Amino acid sequence: MDLNAITDVLPAGREAQAGWRDGDAWLAGGTWLFSEPQPRLRRLHDLTAFDWPSLATTDAGVEIAATCTLAELSRWRPPTAWPAAGLVAQCCDALLGSFKVWNTATVGGNICLALPAGPMTSLTASLDGGCTIWTADGTELRMPVVDFVVGPGRNALPRGALLRSVFVPAAALRTVTAFRQLSLNAAGRSASVVIGRRSLEDGSLAITVTAAVARPVQLRFDSPPNADELASALDRAELPYHDDVHGNPEWREHLTRMYAAEVCAELSW
Amino acid sequence: MVIDGATVEAEPRAGQCLRTFLREHGCFGVKKGCDAGDCGACTVHVDGIPVHSCIYPAFRARTRSVTTIHGLAAGELQRRFVEAQGFQCGFCTPGMIMTAAALTDAQRADLPRALKGNLCRCTGYRSIAAAIRGAATPEAEAESDAIGRSVLAPAGPAIVTGRAEFTLDTAPAGLLHMKLVRSPHAHAVIRRIDASAALAVPGVELVLTHTDAPAELYSTARHEHETDDPADTVLLDRVVRFTGQRVAAVVADSVATAERAAELVVVEYDLLPAVTDPQAAIADGAPRLHADKPPTARIADARTNIAASVESHLGGVAEGFAEADAVYEETFEIHRVQHVHLETHASIAWIDPDGRLVVRTSSQTPFLTRDALCRVLNLPRERVRVFTGRVGGGFGGKQEMLTEDVVALAALRTGRPVQIEFTREEEFFGATSRHPMRVRVKLGGRRSGRLTAISVGIVANTGAYGNHAPGVLFHACGESISLYRCANKKVDGVSVYTNTMPAGAFRGYGLSQLVFAVDSALDELARRLDLEPVAFRRANMIGPDDALTSIEGAPADVELGSYGLPECLDLVESGLRSGRGDPPPGDQWLIGEGIGISMLDTTPPGGHRAHARIAERAGGGYVLHVGTAEFGNGTTTVHTQFAASALGTTADQIAVVQADTDGVDYDTGAFGSTGTVVAGGATLQAAGRLREMIDARGGRGGPLLSAEGTSDGLRRSVAFNVQGFRVAVLPRTGEIRILQSVHAADAGTVVNPLQCRAQVEGGVAQALGAALSEHLDIDGTGRVTTRTLREYHIPAFADVPVTEVHFARTSDAIGPAGAKPMSESPVNPVAPALANAVRDATGVRFTRLPLTRDVVYLALAGRAAADAG
């Protein structure tokens, strides 16, 4: 929709961060920004002006630029030694938006939006992704994705800061994964996403819960837990189950526990 | 920017989305359904890549090439959409085609996923899939487009190329735009409005407030008889009765200016106590919403917030229950849902060179709206013209005057054209919805299979205004009760004012609510009597010679002009037994079957009038003027077939001009399933007379002849619908999968089988939305919390099963050419059929809708036993 209160669109730059004002916002794909009224915003800083390479793959892992679109990510051809990259397709599919939205929606935008169901949060949090943040004073901050998404609609960016990229380490990509997802509707917004990831090197298991909870939660085990161990780990974690129009919290908790058990079973060998 | 091959020099505004930029440059085929990236009606290609143009920043396309529906090369795809009739109202079609044109083979093989960003509210998607997959099988050309052939909709070629002009697909010179200031409070008196800051904004032409509004009381509801609805509304009121009520109207030279100025209108309120629950609203001491209204306002009892009431007792229910072997009593809650026609409410008003007020509007009732404007604005009939362009869906939501009055007043004041367009969010909180109802049903029956008593109590929530409150309440307990042969029937119901958004007309008009309650209860009673539920219905449904009794004995003007109910039941039962449908998905799934049945009077009570005029055209063919509106109901096609059959020609020889108060003398409107049976009757008569005149002349040639026809809708018949489902339910997730959906309709003569089938498919899909996912939410203060289509899930491609559609072989003694209506009624039996199937599968009787996965899971897990009933 037209954002009639916007007076300027400026090319983003590091100098713009220093002059950050109330009413400023970063513009990546714009698919969310233009989907709701934004009465408080006056200026948009266009991140595509940075012209970052969307994906940089090295032996150490892959750096995904914040401006990488879901379409670009879905076309990424990872090394065959990275089976966990199969999560990319599963998470892109979990986006409520259509493939047409993939053409412009960005990985960074989806993570910064910090919706519980954000599938790029699910993807990068489960793969031990690390955020690189450019702060307004010209420095860089790093933090795990699981800490970056703080709550529904809230991220850890300080004022004027931007998400530059997410780095996904090769160690995580070398693991074997299991994925469970459900929505209220056949192609709806996720109500629970549970991703299990097991290391072929040391047998350890990480379970990442998103969508069902207000912020991503990761549980780590040295080896796949049995049913009781899993249940008590989930009890101890006191997951902040989310309540909104996309599913009630009791159902989300049930799905999460059930899927966590299924994921453990699938990754037990 | 290059748009459809032509270079455009203009610069987009900073925060402008591509959709509005394209429309400003004449690309009216780029539609607004949601303006939020959910519905896909605005889909275009940017450098060949499909995007939702409403969420695409316009400035990003400055150096790119944009292709809209207007620039898409004509070809196979558009032709297939026409031949498969992959549209009804046609509003989603340009976006659907632009999306389909960009699909890969892999995506075409997985349409549920590929089309999740394209919503159609009319079709139920089966015909869209047929169009995209190329499965259309058009009928062979025939000499005569006789009734009973699947003639294609005349608008097809214009729809698939984006040339069909919907309400706002025009740009009069000097157009002004209106934005409404709406109340943030559920109940308040306006102490003061200061519009000076808004008026000081350059480009602002006018701010209307309650001091500008005529004092005339009216109802936004449109009916043949003005007295059908309480007159409880004024154009702009000093009292606000729901959060979202319009308070002021700002008129400016652009939407952006009007929007900015609207925020500068200062309104001071004195808050009043508010009541949002209908039960609380009728209790002693509740705030009164309309205590200020005169007795002439036709409010049933303003002192107790009762907009309308009904009370009736036939036979003796106490005796009936006393002789029953089992009595079942339960309260059913039917929730609030919204029409979600993809074209939001919109209109443009201007003064023509003769000084007449002209309103182009998205309405089902141009003539009734004309009459209302005359009354409210104190203008003679000949000084007002109301017409529609193509209307992008209605479903009852456009049987109201929600925009026309206020733009008309602004046009009269400014002398310039003024346009208003509701946002999707405004539809949710500032238009109308289905009436939420709490229905207490008590049924008694004998083990022999006889229904001994029916008692129904209804509390309907009409919201802040009583538009359609009496009609919906009476209709709700009409056919839902008269369908059953039972000597003892008792009904008491009220429709109650609350400080919530007004309810209004909605496809089914009360019946979808009551049929859910009554049919669910019948199914349950049969089980308690150890009787087979379908056999129990057969034993108690009216027979061909029975009188129809519900509220006040037999409605004198309703007759069984045809009777296909048993055949419909047979068709659904044999369909479910056929072995068709999907197999059970796995051994953890519970399987069940259920049936729902419903009846609908073919026309609203008390008359419904239509006038038609048909004339020979110089150079051949005929031009047919009708008053009824086309909004996806397909009546235009039916009218061409009626006229063609009477004149012995083909449908393509009939050009239909419709829905214009200048075109014919009168038409009550396209609601209550009247477009075929009433307006069609007028067309058939006019065409028949013209044929006689032509024959008397000795054939074609000579001075051009014309003839007229009328219809009054005073004789009414009934139509029947039966829905059957086989479902699979997975208790551990709450998922419901529809393995088979079978619908049988008694539509009398099926004038156009392809189109009639599509109406049924669309009705089933819309009803499944209400039964499975849709709910319009209102918080404790009366504020609507649903804002977007993301939060209000109407069925997408992936959600809708294919429905087998069968027709009973009947011909109606009353309807034109033996036809009965079939646009409204298919929705009614769907929700109970689904709930009955889920009951059969799981043993749990759901008394509330929708059956979302979380609710179903909790009920089956036993954790919400009380909620689930």
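Look up: the structure comes first, before these words.
Described in the following lines is the structure provided in the data block. Nothing here was measured: the structure is a model prediction, and the numbers come from that model.

## Focus: the overall build of chain B
Summing up its helical and strand segments, chain B has 25 helices and 28 strands in all. For 869 residues, the compact-globule estimate of 2.2 N^0.38 gives 29 Å, and the C-alpha radius of gyration of chain B, at 26 Å, lies within 12% of that figure. A buried classification covers 65% of the 869 residues belonging to chain B. If you take every contact in chain B between residues at least 6 apart in sequence, the share linking residues at least 24 apart comes to 81%.

## Quick look at the overall build of chain A
Along chain A, the regular secondary structure elements total 10 helices and 14 strands. Put simply, of all contacts in chain A between residues at least 6 apart along the chain, 65% involve residues at least 24 apart.

## Comments concerning the sheet that holds strand E23 (residues 622-626) of chain B
All names here are of chain B. If you trace the four strands from one edge of the open sheet to the other, you get E24-E23-E22-E25, paired in mixed fashion. Each end of this open sheet is capped by a strand with a single partner; those strands are strand E24 (654-658) and strand E25 (706-711). Each adjacent strand pair in this sheet contributes to an overall mean axis angle of 20°, direction not counted. As paired elements, strand E22 (residues 610-616) and E23 share five bridges and run antiparallel to each other. The residue of E23 that forms the bridge with Ala-615 is Val-623. Sheet strands in contact with helix H20 (residues 635-647) are E22, E23 and E24, and its direction is about 135° off that of E24. Contacts between helix H21 (residues 679-697) and the sheet are confined to E22, E23 and E25, with E25 contributing the most and set at about 150° to the helix.

## Observations regarding the environment of Arg-370 of chain B
Residue and element names in this part refer to chain B. Positionally, Arg-370 belongs in helix H12 (residues 366-377). Separated by 86 residues in the primary sequence, Arg-370 and Val-456 have C-alpha atoms spaced 38 Å apart. Not counting chain neighbours up to four residues away, the residues in contact with Arg-370 comprise Val-384, Val-386 and Thr-661.

## So, the packing of helix H17 (residues 511-528) of chain B against helix H23 (residues 830-842) of chain B
If you want to describe how two helices pack, look at the angle between their axes and the distance between the axes. Residues and elements named next belong to chain B. Taken N-terminus to C-terminus, the directions of H17 and H23 make an angle of 30°; their axes are 8 Å apart at the nearest point. Relative to H23, the element H17 is oriented roughly parallel. Between H17 and H23 lies a crossing of right-handed hand. On the side of H17, the interface is formed by Ser-512, Val-515, Phe-516, Asp-519, Ser-520 and Asp-523, while H23 contributes Ala-831, Pro-832, Ala-835, Asn-836 and Arg-839. When grouped by side-chain class, the residues that make up the contact of H17 with H23 number five nonpolar, three polar and three charged.

## Observations regarding the environment of Gln-723 of chain B
Along the chain, the position of Gln-723 of chain B falls in strand E26 (residues 718-730). On the basis of neighbour count, Gln-723 of chain B is assigned to the buried category, with 34 C-beta atoms found within 10 Å.

## Observations regarding the nonpolar core
All names here are of chain B. One finds Ala-248, Val-250, Ala-349 and Ala-410 to be the most contacted residues of the largest nonpolar core, which totals 372 residues. Ranked by residue count, the leading element in this core is H17, at 10 residues. Beyond its immediate sequence surroundings of up to four residues, Ala-410 is in contact with Met-178, Leu-206, Leu-208, Ala-249, Val-251, Ala-349 and Val-418.

## A word on H23 of chain B
All names here are of chain B. Taking 1.5 Å as the rise per residue, H23 with 13 residues should run 18 Å; its terminal C-alpha atoms sit 18 Å apart, in good agreement. The buried fraction of H23 amounts to 12 of the 13 residues, a majority that puts the element mostly inside the structure. Along H23, the positions that sit buried rather than exposed are Val-830, Ala-831, Pro-832, Ala-833, Leu-834, Ala-835, Asn-836, Ala-837, Val-838, Arg-839, Asp-840 and Ala-841. Positive phi shows up at Gly-843, right after H23, with a value of about 85°.

## Side note on helix H6 (residues 119-126) of chain A
Residue and element names in this part refer to chain A. The element H6 is largely enclosed, with a buried count of eight among its eight residues. Restricting attention to buried positions, one finds in H6 the residues Pro-119, Met-120, Thr-121, Ser-122, Leu-123, Thr-124, Ala-125 and Ser-126. Downstream of H6 by a residue or two, Asp-128 has a phi angle that is positive, lying close to 55°.

## Considering the packing of helix H9 (residues 227-237) of chain A against helix H10 (residues 249-266) of chain A
Residue and element names in this part refer to chain A. At a minimum axis separation of 10 Å, H9 and H10 run at an interaxial angle of 135°. One element, H9, and the other, H10, form an angle in the oblique class. By crossing handedness, the relation of H9 to H10 is classed as right-handed. Seen from H9, the contacting residues are Ala-227, Leu-230 and Leu-234; seen from H10, they are Arg-257, Ala-260, Ala-261 and Cys-264. Among the residues forming the contact of H9 with H10, the class breakdown is six nonpolar, no polar and one charged.

## Side note on the sheet that holds strand E15 (residues 357-361) of chain B
Residues and elements named next belong to chain B. Taking strand neighbours across the sheet as the criterion, the seven strands line up as E8-E10-E6-E17-E14-E15-E16 in an open arrangement whose pairing is mixed. The sheet is open, and its two edges are formed by strand E8 (204-208) and strand E16 (384-387), each paired on a single side. Adjacent strand axes in the sheet meet at a mean angle of 20° when their direction is disregarded. Inspection of the sheet shows strand E14 (residues 346-351) paired to strand E17 (residues 418-421) by four bridges, in the antiparallel sense.

## Concerning unusual backbone geometry
Residue and element names in this part refer to chain B. Backbone torsion omega between Leu-849 and Pro-850 reads -5°, so that peptide bond is classified as cis. A positive phi angle, close to 65°, is found at Asn-305, a residue other than glycine. Along the polypeptide, Asn-305 turns up in the loop between helix H10 (278-281) and strand E12 (306-314). In this model, Asn-378 sits at a positive phi of 55°, which is unusual for a non-glycine residue. Along the polypeptide, Asn-378 turns up in the loop between H12 and E16. Looking at Asn-378, the number of C-beta atoms within 10 Å reads 9, which means it is exposed.

How each quantity is defined
- Residues numbered from 1 in each chain as written.
- Chains lettered and ligands numbered in written order.
- Predicted model: local features only at pLDDT ≥ 70, side-chain atom pairs only at ≥ 80, totals over all residues.
- Helix = DSSP H or I, 4+ residues; strand = E, 2+ residues; numbered from the N terminus.
- Rg over C-alpha atoms; globule rule 2.2 N^0.38 Å.
- Buried ≥ 20, exposed ≤ 12 C-beta atoms within 10 Å, placed from the backbone.
- Contact = placed C-beta atoms within 7 Å.
- Pairing = 2+ DSSP bridges.
- Axes fitted to C-alpha atoms, helices over the stretch in contact; angles between N-to-C directions.
- Parallel < 35°, antiparallel > 145°, perpendicular 65-115°, else oblique.
- Left-handed = near helix turned anticlockwise from the far one by under 90°.
- Nonpolar A, V, L, I, M, F, W, Y, C, P; charged D, E, K, R; others polar.
- Core = buried A, V, L, I, M, F, W, Y, C linked by C-beta atoms within 7 Å.
- Expected span 1.5 Å × (residues − 1).

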